[in-house]
Amino acid sequence: MDTWNEEMALGIPAIDEAHAALFSAIARLAPLEDPQFSAAFRELIAAVERDFREEEDLMEEIGFPSLPHHREQHARVLCGLHHAWAAVDEGDLAQGRHALSLLPQWLLFHQGTMDMALAAALELAQQHSN
């Protein structure tokens, strides 16, 4: 499944909106012709970086105990995307397209594990602050 649907929502609007936007960006990027792909792939990486940074900021705010592991998972994906970007920037768009094909699968797994735990912790933190 490469498209966002409401069943994927975690119940944290900021996270859900960011995830929906990423899936939408991936869907828009996949069919692009090579001349447009390069710039759009770079923009997607920037969007992923922003999404991860915002999640990490939320984790820092609540003292989320799994922050180091969660951050490590983000860093691994960004490393792969940056590696693919280096190839794309040199004209090897196949690596970027391959990374793009893997990203939705990773996002779904990450969301169903790490982000689900974060959503539960954010809800608990919100209950304690009220």
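Reference entry: report on the structure contained in this document. (Residues numbered from 1 in each chain as written. Predicted model: local features only at pLDDT ≥ 70, side-chain atom pairs only at ≥ 80, totals over all residues. Heavy atoms only, no water.)

Glancing now at the overall build of the protein chain. Of the regular secondary structure elements, the protein chain holds four helices and zero strands. Counting from the amino terminus, the protein chain carries its helices and strands in the arrangement α-α-α-α. Rg of the C-alpha trace for the protein chain: 15 Å, near the compact-globule value of 14 Å for 130 residues, within the 12% margin. Of the contacts formed within the protein chain by residues at least 6 apart in sequence, a portion of 71% connects residues at least 24 apart. (Helix = DSSP H or I, 4+ residues; strand = E, 2+ residues; numbered from the N terminus. Rg over C-alpha atoms; globule rule 2.2 N^0.38 Å. Contact = heavy atoms within 4.5 Å.)

The next point concerns the packing of helix H1 (residues 13–29) against helix H2 (residues 34–62). Where H1 meets H2, the closest approach of the two axes is 10 Å, and the angle between their N-to-C directions is 165°. Regarding the angle of H1 to H2, the classification is roughly antiparallel. Note that H1 runs across H2; the crossing there is left-handed. For the pair H1 and H2, contact is made by Ile15, Ala18, His19, Leu22, Ala25, Ile26 and Leu29 and by Phe37, Ala40, Phe41, Leu44, Ala47, Val48, Asp51, Glu55 and Leu58, respectively. Classifying every residue of the contact of H1 with H2 by side-chain character gives 13 nonpolar, one polar and two charged. (Axes fitted to C-alpha atoms, helices over the stretch in contact; angles between N-to-C directions. Parallel < 35°, antiparallel > 145°, perpendicular 65-115°, else oblique. Left-handed = near helix turned anticlockwise from the far one by under 90°. Nonpolar A, V, L, I, M, F, W, Y, C, P; charged D, E, K, R; others polar.)

Purely geometric stuff here, so don't read any function into it on its own.
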